[in-house]
Amino acid sequence: LIAKASVLDTASSLQLKSHYRGKLVDILQLDDQFSVIDIDDVLSPPSALWKLFVIFQRNLTNHYIRNVANVGARLISYALLSATVGTIFWKVGNTDSSRGLDYNEAELVVRVTTFLMNISYLLPFATIPIFVGDKKFLAAEIAIGLYSPWMYGVSQVFIEFVFVTLASTLGASIAIPMCGMLNPTVPAWASFLTTLSTLIVSGLVGSTLILFCCMTLPTQDMAFLVGSTVSTISLGLSGGFLPFSDMLDVPYSLQWISPVKYSLQSVLIAQLKGTSAEKVLDLGGYNTPATVAENIGILGCIFVFFSIVTGIAMARVKEVR
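Because the structure is predicted, anything quoted here is derived from the model rather than measured. (Residues numbered from 1 in each chain as written. Predicted model: local features only at pLDDT ≥ 70, side-chain atom pairs only at ≥ 80, totals over all residues. Heavy atoms only, no water.)

**Describing the overall build of the chain**
Here is step 1: In terms of regular secondary structure, the chain is built from 12 helices and 3 strands.
Here is step 2: Nonlocal contacts in the chain, meaning residues at least 24 apart in sequence, comprise 71% of its contacts between residues at least 6 apart.
Here is step 3: Split by element, the accessible area of the chain, about 16000 Å² in all, is 67% carbon and sulfur. (Helix = DSSP H or I, 4+ residues; strand = E, 2+ residues; numbered from the N terminus. Contact = heavy atoms within 4.5 Å. Areas by Shrake-Rupley, 256 points an atom, 1.4 Å probe, with all protein chains shown as cover.)

**Topic: the pattern of salt bridges**
Here is step 1: Within the structure shown, the criterion is met by 3 salt bridges.
Here is step 2: One salt bridge connects Glu107 with Arg111, and the closest N-O pair in it is separated by 3.1 Å. Taken as a pair, Glu107 and Arg111 lie in helix H4 (residues 103–122) at a separation of 4 residues, close to a single helical turn.
Here is step 3: When its relative accessible area of 29% is taken as the criterion, Arg111 is described as partly exposed.
Here is step 4: Between Glu278 and Lys273 there is a salt bridge, with its nearest N and O atoms 3.3 Å apart.
Here is step 5: With a relative accessible area of 40%, Lys273 lands in the partly exposed category. (Salt bridge = Lys/Arg side-chain N within 4 Å of Asp/Glu carboxyl O. Buried < 20%, exposed > 50% of the residue type's maximum accessible area, 1.4 Å probe, protein only.)

**Digging into the packing of helix H3 (residues 68–88) against helix H6 (residues 149–179)**
Helix-helix packing is characterised by the crossing angle of the two axes and by the distance between the axes.
Here is step 1: Axis separation between H3 and H6 bottoms out at 8 Å; the angle between their running directions is 25°. Considering their axes alone, H3 and H6 lie roughly parallel with respect to each other. With respect to the hand of their crossing, H3 and H6 are arranged in right-handed fashion. Where H3 approaches H6, its residues Val71, Arg74, Leu75, Tyr78, Ala79, Ser82, Ala83, Val85, Gly86 and Thr87 are matched on the opposing element by Glu160, Phe163, Leu166, Ala167, Leu170, Gly171, Ile174, Ala175, Met178 and Cys179.
Here is step 2: Grouping the amino acids of the contact of H3 with H6 by side-chain chemistry returns 14 nonpolar, 4 polar and 2 charged. (Axes fitted to C-alpha atoms, helices over the stretch in contact; angles between N-to-C directions. Parallel < 35°, antiparallel > 145°, perpendicular 65-115°, else oblique. Left-handed = near helix turned anticlockwise from the far one by under 90°. Nonpolar A, V, L, I, M, F, W, Y, C, P; charged D, E, K, R; others polar.)

**Re the side chain of Ser263**
Here is step 1: The topology assignment puts Ser263 in helix H10 (residues 259–272).
Here is step 2: The contacts of Ser263, once residues within four sequence positions are left out, are Met117, Tyr121, Thr198, Ser202 and Leu299.

**A look at unusual backbone geometry**
When glycine is set aside, most residues are seen to have a negative phi, and most peptide bonds are trans.
Here is step 1: The omega angle of the peptide bond from Thr288 to Pro289 is 0°, so this bond is cis rather than trans.
Here is step 2: For Pro289, the location among the structural elements is in the loop between helix H11 (279–284) and helix H12 (292–315).

**Let's talk about a nonpolar patch on the surface**
Here is step 1: A cluster of nonpolar side chains, Phe158, Phe161 and Val162, forms an exposed patch at the surface whose accessible area comes to about 280 Å².
Here is step 2: Relative to the helices and strands, Phe158 resides in helix H6. (Patch = residues over 30% accessible without salt bridge, like charges linked within 9 Å, V, L, I, M, F, W, Y side chains within 5 Å.)

**Structural notes on the environment of Asn104**
Here is step 1: Mapped onto the fold, Asn104 is located in helix H4.
Here is step 2: The exposure class assigned to Asn104 is exposed, which follows from its relative accessible area of 57%.
Here is step 3: Placed 173 residues apart in sequence, Asn104 and Ala277 show a C-alpha to C-alpha distance of 8.9 Å.

**Section: the nonpolar core**
Here is step 1: Core analysis: the largest hydrophobic core is formed by 73 residues, its most contacted members being Val112, Leu116, Met117, Tyr147 and Met181.
Here is step 2: Sort the elements by how many residues they give to this core and helix H7 (residues 188–216) lands first, with 11 residues.
Here is step 3: Here Met181 is in contact with Val109, Val112, Thr113, Leu116, Ile176, Ser191, Val267 and Gln271, once residues within four sequence places are set aside. (Core = buried A, V, L, I, M, F, W, Y, C linked by side-chain atoms within 4.5 Å.)

**Things to note about the environment of Ser148**
Here is step 1: Here Ser148 is to be found in the loop between helix H5 (128–143) and H6.
Here is step 2: Taking the C-alpha atoms as reference, Ser148 lies 9.3 Å from Met314; in sequence the two are 166 residues apart.

**A short note on the state of the cysteines**
Here is step 1: Evaluation of the coordinates by the stated rule reveals 0 disulfides.
Here is step 2: Distance from the sulfur of Cys213, which forms no disulfide, to the nearest cysteine sulfur (Cys214) is 6.9 Å.
Here is step 3: When its relative accessible area of 1% is taken as the criterion, Cys214 is described as buried. (Disulfide = S-S within 2.5 Å.)

**Concerning H5**
Each α-helix turn comprises 3.6 residues. Residues three or four places apart therefore point the same way.
Here is step 1: With 16 residues, H5 extends 23 Å between its outermost C-alpha atoms, agreeing within 8% with the 22 Å of an ideal straight helix rising 1.5 Å per residue.
Here is step 2: In this fold, the buried residues of H5 make contact with helix H2 (48–65), H3, H6, H7, helix H8 (220–236) and H12. (Expected span 1.5 Å × (residues − 1).)

**Remarks on the confidence of the model for the chain**
Here is step 1: For the chain, per-residue confidence averages 80 on the pLDDT scale, and 83% of positions sit at 70 or higher.
Here is step 2: In the model, residues 1–37 has pLDDT below 50 throughout and makes 58 contacts with residues more than four positions away in sequence or in other chains. (pLDDT = per-residue confidence, 0-100.)

**Topic: the side chain of Gln255**
Here is step 1: Mapped onto the elements, Gln255 comes out in the loop between helix H9 (249–254) and H10.
Here is step 2: At a separation of 2.6 Å, a polar atom in the side chain of Gln255 contacts the side chain of Lys261. (Polar contact = N/O pair within 3.5 Å; in protein donor to acceptor, adjacent residues only side chain to side chain.)

**What to know about the packing of aromatic side chains**
Here is step 1: Counted by the stated rule, this structure contains 8 aromatic pairs.
Here is step 2: Note on Phe89 and Phe115: the rings are 5.5 Å apart at their centroids and 55° apart in plane angle, and the pair reads as tilted. Of this pair, Phe89 sits in the loop between H3 and H4 while Phe115 sits in helix H4, placing them 26 residues apart in sequence.
Here is step 3: Take Phe89: its relative accessible area is 11%, and that puts it in the buried class.
Here is step 4: Ring plane angle 65° and centroid distance 5.8 Å describe the contact between Phe244 and Tyr286, whose orientation is recorded as edge-to-face. A residue pair is termed long-range when its members are at least 10 positions apart, and Phe244 in the loop between H8 and H9 and Tyr286 in the loop between H11 and H12 qualify at 42 residues. For the pair shown, Phe244 and Tyr286 are each scored as buried.
Here is step 5: Every member of this aromatic cluster is reached through a ring pair, and the members are Phe212, Phe305 and Phe306. (Phe/Tyr/Trp six-rings, centres within 6.5 Å; stacked < 30°, edge-to-face > 60°.)

Okay, here's the thing in structure tokens:
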């Protein structure tokens, strides 16, 4: 039980030895003196909600509160990369027309958005050592029935959601004004929040993809290799480097499995819908599906799929001695 483990972790040394006459017996070694304790006489089984809270608190403490250097490095990376994109594409989205960009200016917005997608889907790779390290403890704790694997998954997804929201807000607050990426036909706050919502969901999908690779693959190197391969192919099929209308039949058919495609399309629709450059969405094939909500909905489905498969994989994780 997770509560039992938390209490007994304060001992200088702990070994769970055996079942004695049907009762769980723990042998604690404290300063060379042994004592036998029947846990049933000390603690009642904690509720699932309490276990979830303890796991959430532990993950938050280990991954963020005690790992300030990693958290700070990730936030600084988001900020610096967003500033770099803003510097390279300075004010490309600005226009004197109330109707928006012309065709050439809209093409530059496509390039900016592609770089923003790189940030959302590649920076989560910084969490690979954390997830791989957790996998060892997860296997040991599940093996002795401390908690269900879904509790770890739910707590980790929620923590990552909070971090991704913070990091995406930081990045968007820097890149969007510097690049001038605001749709002139809608209020500035609405355009900003629409783009931000896509970046948050995209970052969450990217983080869940990394968690999936870490839990299903045997080593950290394999997780990095497979994760980077999937992300690179997804970026190539996103339409940001080559419009869908110019792709050959095979890559055109594979575009539908690329999560980056839906992220890119969502931002482009938010930027160009209702402007004089809206035709770019048709010419490049960036309107399938044709609304921001539909693209974010598909990203949500991809997130749910990876979450379910990851949960199944965590339930099958075996302890390696």
